[in-house]
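Understanding the architecture of this molecule
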Amino acid sequence: MNKIEIKAFDESYYFEELDNGLKVYIFHRPDFNTSYAAFGTPFGALKIKERTINEHYSFNPGIAHFLEHKLFENENLGVIAAFAQIGANVNAFTSYTETVYYFNLANQNHVLEALDMLLDFVQELKIDEEKVQKEKPIIIQELNMYLQMPETKLLNGTFNALYHHFPLKYDIGGDKDSVSRITLEELERCYELNYHPSNMALVIISPLDPALLMQRIRSNQDRKNFKKAPKIYDDDYHEPKEVCQKEVVQEMDIKASKGVYALKLDFAQYELVDIRKIEIGMRFILQLLFTSINPKYQKWLDEGVINYYFGFDVNLNKDYSYLMFYGEDIQGKELKDLVDQEILNAHFDEKKFEELKRRYIGASFQEFEDAESFNISFIKDVLAGVDYFKEIKIAMEFDFKDLSRIIKLIDLTNYALFDLKPKIA
Amino acid sequence: MHIEGSKQEKFKLIHSSKFKHTYLSFDLYLPYSLIDLSNALIMPYILGQYANKYPSKEKMRAKKDELYAPSLSCKTSLRRDLIVISIDYKFLNPKYVSGVSFKDHISFLIDCLFEPYLDDNILKEIILNYQASVKRQLDKPEVYAFDRMLELVGQDTYLAYRKLDRSKEVASLSVESFFIFYKKLLERAECYLAMIGEFDDDAFATFLKRLNLDKRTHYARDRNAYDLKDRGEVIEERELSQSTLLMYYEFPLVDDFLKRVTYMLADGLFGALPSSLLFDDIREKRGLCYSIYSNLNFNDAGLYVFSALSYKDKDEAIKAVKSDLEYLISSTYVREHLDVAKEYYRNLLLSSNDYASSILAFNLKNMFLKRDISYDEYIACIDKVDAEMVVQALNELQLKIIYVLKGSRDE
């Protein structure tokens, strides 16, 4: 078990990779009451096509989310009820890029037991045909619930406009049809491919002695036999570089209309480490141009062009990258005009950039304050192959001169506009 | 952790290095009769956003960045007959950065709190954004349904003040009316303050002095029960693909702490716990929905059950909620599951001690309710509750309305 110290943040953690490949990270917080543990796999909603050396697999959209639901069952007592018996709060989530199972527990007498329970229920899939069928209407109700939220509709609509085949175009949970098609065999196959310990990580924050925790984890894993891990590759979705639809308008029973201007970018040829740096740079650029740092921001508010809802998001990866601007009571086309003008005429002020860095430092420290959400952020980075602390260091040492180089990487020609309008009766 | 407080328990200062930030929270209370609620509703758009020294977003942003992005936020909420303005200030402990001291933060806070800035242009911007925010919230079916249900069941009570859309009233506000309101708030509000972190008592004394806590009024609370009318089942429709079910129960006002804990456990067993009876029966056994839970509010002495489901299943769900409540009262369920509920709430309470904002909220509530309950005493109360007490609490729940927001595209 190695101790890694991060002096700038007054933080440290212990790391060990077990014989079966499971990566374990432990943050020791002696003055905390509660232990937090998160156990995850980089298997999220985007993985609906995978391949091994010999075979190609296709899955129905929503399979990762379905699997998460089913792992929460046990032959005798449901997982939630079993954790509740010892006072622990257990939950899970599936995103586009990972599935994570986590608990928190203040009663330290039960933490080791809870760790075993977490490892055990995630590492054994106990399902049958009846349980799979029973879950389908519940998941469909969950999807219906999210679909009624304007933000979900906005995001799904935008991704559908950007992508032809890439699974970002599907909701994380899939849709009614894809969920109905999911089979027991498909779930078992997915589980076998994506839940091998060598593919997973466990992150713990606890007042307990890290050596004691690690010993328990080792002994839990030593008891289990895992098949040899198949080497899995993401299959190609043959996604064209161009957006799927330039302009989309949808109606909904809402009062506040919403617009999106989204850019489909391509960083497939870049190394991951460069992509991370470019994304950090783009975030700085967007903050400098599209928040109150820019004096024009107040003008846009005064003129009613934007309101406080206006915002942006950037997500850069090897296989998909996008930049998105959204606003209320503004159409996608108007957003495009505003954004393009700022990007094309951008010039940056070094003093403001340095001020922005101070904000970034403040925000980075803030991440540590909520132990559970820090635990989740940390495991998400681990599963994505990103070094959480290195990322912060890159941002803190970011060179002002790089901004002008990075802004040129924003291709304004490959865009989609999405408008969500109130339905008129 | 070193704790000190005022003799009259109007503030609590907790020295602690557990967190990397220092947190300061204070609540200001005023009765509806003294101020116009609409002015209070725009407070979150002003405090920490505009001050005489920083009269634009750009200037305020530059100052905050200079201080390593402290967070100064404000929230308006309603507690029966009182309007509550909750103010939170959170900043990175100066030892982690250079060039910023605790005094700098206190000066900034004083500038923002005692010298807020508002002009006609900013007010116009705030009104537009308030209205947009209301529309945005009501576009969410869950929020819309809850708002409608309270409006229907809460007529002629304080619940009626909770109506979300006050666009018209807010639109008629003026800069003058806001400053009249603000003066009253600063001078006449009942106020409680709590702080946790690394701070300098002497530097903080300047701020405490300006707040003048010891001379503040204590407003008498209205403790009359609402005694809501039974509104039966109300069905309304919107063009949605799913329906929302809300069932609102009233219970007698509870002041006694042990009884409050009893109600909390009853709510947990009924629908608030992740493994509650409603979850087990209606979601897991019957598969009628994905989401079902209950939630209680001691200020209003109300408990509601929420579910998002298909309209065709609503009758079965309503029947099941009613029969689950009956089952809790008449079977051995409470006796068999009470220990699990207790363990859950003990965990929740102890876990909350790892969050600075929860520690402050706990202390503020103690001061507001003029009680001095420690975490240990809270846990002792949880231990003391028995099954008979829980059943008695459940027996006191009276269903007042069943509100269904029918989705017209719900298959």
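Residues numbered from 1 in each chain as written. Chains lettered and ligands numbered in written order. Predicted model: local features only at pLDDT ≥ 70, side-chain atom pairs only at ≥ 80, totals over all residues.

Some thoughts on the overall build of chain A
Selection criterion: Counting from the N terminus, the helices are the DSSP runs of H or I reaching at least four residues and the strands are the DSSP runs of E reaching at least two. Atoms counted for the radius of gyration: C-alpha only. Globule rule: 2.2 Å times residue count to the power 0.38. Put plainly, a residue is buried at 20 or more neighbouring C-beta atoms within 10 Å of its own, exposed at 12 or fewer, and partly exposed in between, counting only other residues' C-beta atoms, which are placed from the backbone.
In terms of regular secondary structure, chain A is built from 15 helices and 15 strands. Taking 2.2 N^0.38 as the reference for a compact globule, 425 residues should give roughly 22 Å; the C-alpha atoms of chain A span a radius of gyration of 23 Å, in line with that estimate. For chain A, the spread of C-alpha atoms along the principal axes amounts to about 65 × 50 × 45 Å. The buried share of chain A, taken over its 425 residues, is 42%.

Some details on the overall build of chain B
We count it as follows: Note that contacts rest on C-beta atoms placed from the backbone: two residues are in contact if these are within 7 Å.
Per the secondary structure count, chain B includes 15 helices and 11 strands. A compact globule built from 411 residues should have a C-alpha radius of gyration of about 22 Å, and chain B, at 23 Å, falls within 12% of that. Its C-alpha atoms give chain B principal-axis dimensions of about 60 × 45 × 40 Å. Split into buried and exposed, the 411 residues of chain B put 44% on the buried side. In chain B, 80% of the contacts between residues at least 6 apart in sequence involve partners at least 24 apart.

Looking at the domain arrangement of chain B
Residue and element names in this part refer to chain B. Convention followed: Domain extents, as shown, originate in an automatic or database domain assignment.
For chain B, the domain assignment lists domain 1 (2–215) and domain 2 (232–407). Computed over C-alpha atoms only, the centres of domain 1 and domain 2 are separated by 29 Å. With 23 residues of domain 1 at the interface, the matching set in domain 2 holds 21 residues. Listing elements by their share of the side of domain 1 that touches domain 2, those giving two or more residues are strand S2 (11–15), strand S3 (21–31), helix H5 (141–153) and strand S6 (190–197). When residues in the side of domain 1 that touches domain 2 are grouped by element, the largest group, 9 residues, is from H5.

A few points about the domain arrangement of chain A
Frequently, the measure chosen for interface size is the accessible area that the parts lose on association. All names here are of chain A. For the record, the criterion: All amino acids are sorted into three groups, where Ala, Val, Leu, Ile, Met, Phe, Trp, Tyr, Cys and Pro are nonpolar, Asp, Glu, Lys and Arg are charged, and the leftover types, Gly among them, are polar.
Under the domain assignment used here, chain A contains domain 1 (2–234) and domain 2 (247–348 + 400–422). The distance between the C-alpha centroids of domain 1 and domain 2 comes to 32 Å. Each partner contributes to the interface: domain 1 provides 10 residues, whereas domain 2 provides 16 residues. The element best represented in the side of domain 1 that touches domain 2 is helix H5 (residues 150–162), accounting for 7 residues. Residue classes in the side of domain 1 that touches domain 2 are distributed as 6 nonpolar, 2 polar and 2 charged.

Considerations on the environment of threonine 206 of chain B
Within the element layout of this structure, threonine 206 of chain B appears in helix H8 (residues 201–211). As a C-alpha pair, threonine 206 of chain B and serine 77 of chain B span 129 residues in sequence and 28 Å in three-dimensional space.

Quick word on the packing of helix H9 (residues 257–272) of chain B against helix H12 (residues 333–352) of chain B
All names here are of chain B. In plain terms, the rule: Throughout, an axis means a line fitted to C-alpha atoms (over the contacting stretch in the case of helices), and angles, computed between N-to-C directions, take values from 0 to 180 degrees. Working rule for angles: under 35 degrees goes down as roughly parallel, over 145 as roughly antiparallel, 65 to 115 as roughly perpendicular, anything else as oblique.
Contact pair H9 / H12: the axes reach a minimum separation of 9 Å and the direction vectors enclose 110°. Between H9 and H12, the crossing angle belongs to the class labelled roughly perpendicular. Seen from H9, the contacting residues are Met264, Leu265, Gly268 and Leu269; seen from H12, they are Val334, His337, Leu338, Ala341, Lys342, Tyr344 and Tyr345. Residues that form the contact of H9 with H12 fall into these classes: 8 nonpolar, 2 polar and 1 charged.

So, the pairing of strand S14 (residues 321–328) of chain A
All names here are of chain A. This is how the line gets drawn: Two strands form a pair only when DSSP identifies at least two bridges running between them.
Where burial is concerned, most of S14 is hidden: 8 out of the 8 residues are buried. Side-chain alternation along S14 places Ser321, Leu323, Phe325 and Gly327 on one buried face and Tyr322, Met324, Tyr326 and Glu328 on a second face that is also buried. Pairing of strand S12 (residues 258–265) with S14 involves 8 bridges; the strand directions are antiparallel. Residue leucine 265 lies in a different strand from S14, and its bridge partner there is serine 321. With 6 bridges connecting them, strand S13 (residues 311–316) and S14 associate as antiparallel partners. Opposite leucine 316, over in S14, you have serine 321 as the bridge partner.

Section: H5 of chain B
A turn of α-helix holds 3.6 residues, and therefore any two residues three or four places apart point the same way. Where we set the bar: Multiplying 1.5 Å by the helix residue count minus one yields the expected span of that helix.
In a regular helix each residue adds 1.5 Å, so 13 residues correspond to 18 Å; H5 of chain B covers 18 Å between its end C-alpha atoms and thus fits that length. Buried positions along H5 of chain B lie against helix H4 (120–138), strand S7 (232–238), strand S8 (243–250) and strand S11 (398–407) of chain B.

Focus: the sheet that holds S11 of chain B
Residues and elements named next belong to chain B. Taking strand neighbours across the sheet as the criterion, the 5 strands line up as S7-S11-S8-S10-S9 in an open arrangement whose pairing is mixed. At either end of the open sheet lies a strand with only one pairing partner, and these are S7 and strand S9 (289–297). For this sheet the average axis-to-axis angle between neighbouring strands, irrespective of direction, equals 15°. Pairing geometry for S8 and S11, over 7 bridges, is antiparallel. Bridged to leucine 245 within S11 is valine 404. With respect to the sheet, H9 is in contact with S9 and strand S10 (302–309), its orientation differing from that of S9 by roughly 170°. Sheet strands touched by helix H11 (residues 314–330): S8, S9, S10 and S11. Its angle to S8, the strand with the most contacts, is close to 25°.

Observations concerning the packing of H9 of chain B against helix H15 (residues 387–395) of chain B
Residues and elements named next belong to chain B. With their axes 9 Å apart at the nearest point, H9 and H15 run at an angle of 80° to one another. The orientation of H9 with respect to H15, classified from their angle, is roughly perpendicular. Of the residues in H15, those in contact with Thr262, Tyr263, Leu265, Ala266, Leu269 and Phe270 of H9 are Met389, Val390, Ala393 and Leu394. Looking at the contact of H9 with H15 residue by residue, the class counts come to 9 nonpolar, 1 polar and no charged.

Observations concerning the sheet that holds strand S4 (residues 35–41) of chain A
All names here are of chain A. Strand order across the open sheet formed by 7 strands is S1-S2-S3-S9-S4-S8-S7, with mixed pairing between neighbours. Strands at the two margins of the open sheet, each flanked by one partner only, are strand S1 (2–6) and strand S7 (89–94). Strand-to-strand, the axes of this sheet are offset by a mean angle of 20°, without reference to chain direction. Relative to strand S9 (residues 201–206), strand S3 (residues 23–28) is paired through 6 bridges, and the arrangement is parallel. The residue of S9 that forms the bridge with lysine 23 is alanine 201. Of the strands in this sheet, strand S2 (11–17), S3 and S9 are in contact with helix H8 (residues 210–222), which crosses S3 at around 155°. Helix H13 (residues 371–383) contacts S3, S4, strand S8 (99–105) and S9 of the sheet and is inclined by roughly 155° relative to S9.

Quick notes on the environment of leucine 24 of chain B
Position of leucine 24 of chain B among the secondary structure elements: in strand S3. Ignoring anything within four residues of it in the chain, the contact list for leucine 24 of chain B reads Tyr89 and Met195 of chain B.

A look at unusual backbone geometry
At aspartate 329 of chain A, a residue that is not glycine, the phi angle is positive and equals roughly 55°. According to the C-beta neighbour criterion, aspartate 329 of chain A is partly exposed, with 17 such atoms within 10 Å. Although it is not a glycine, aspartate 156 of chain B sits at a positive phi angle of roughly 65°. Note on placement: aspartate 156 of chain B falls in the loop between H5 and helix H6 (167–171).

What to know about the nonpolar core
Basically, it comes down to this: Core membership is restricted to buried Ala, Val, Leu, Ile, Met, Phe, Trp, Tyr and Cys residues, and these are joined into a nonpolar core through C-beta atoms within 7 Å.
Judged by nonpolar contacts, the single largest core of 245 residues is most densely connected at Ala37, Leu118 and Ala262 of chain A together with Leu246 and Leu269 of chain B. Contact partners of alanine 262 of chain A, with chain neighbours within four places excluded, come to Thr158, Ala161, Leu162, Tyr322, Met324, Tyr415, Ala416 and Phe418 of chain A.

Comments concerning the interface of chain B and chain A
The partner chain A presents 59 residues to the 55 residues of chain B that form the contact. Of all the elements in the fold, those that place two or more residues in the side of chain B that touches chain A are helix H2 (57–66), H4, helix H10 (277–285), S9, S10 and H12 of chain B. By residue number, the principal contributor to the side of chain B that touches chain A is H4 of chain B, which donates 8 residues. Tallied by class, the residues present in the side of chain B that touches chain A amount to 23 nonpolar, 13 polar and 19 charged.

Some words on the environment of glutamate 176 of chain B
Mapped onto the elements of the fold, glutamate 176 of chain B is located in helix H7 (residues 175–188). Note: C-alpha distance between glutamate 176 of chain B and glutamate 198 of chain B (22 residues apart in sequence) is 38 Å.

A short note on the confidence of the model for chain B
The test is simple: Residue-level confidence of the predictor is summarised by pLDDT, bounded by 0 at the bottom and 100 at the top.
Of the residues in chain B, 98% reach a pLDDT of 70 or more, and the chain-wide mean stands at 94. At the level of chain-chain contacts, confidence expressed as ipTM amounts to 0.91, with global pTM at 0.94.

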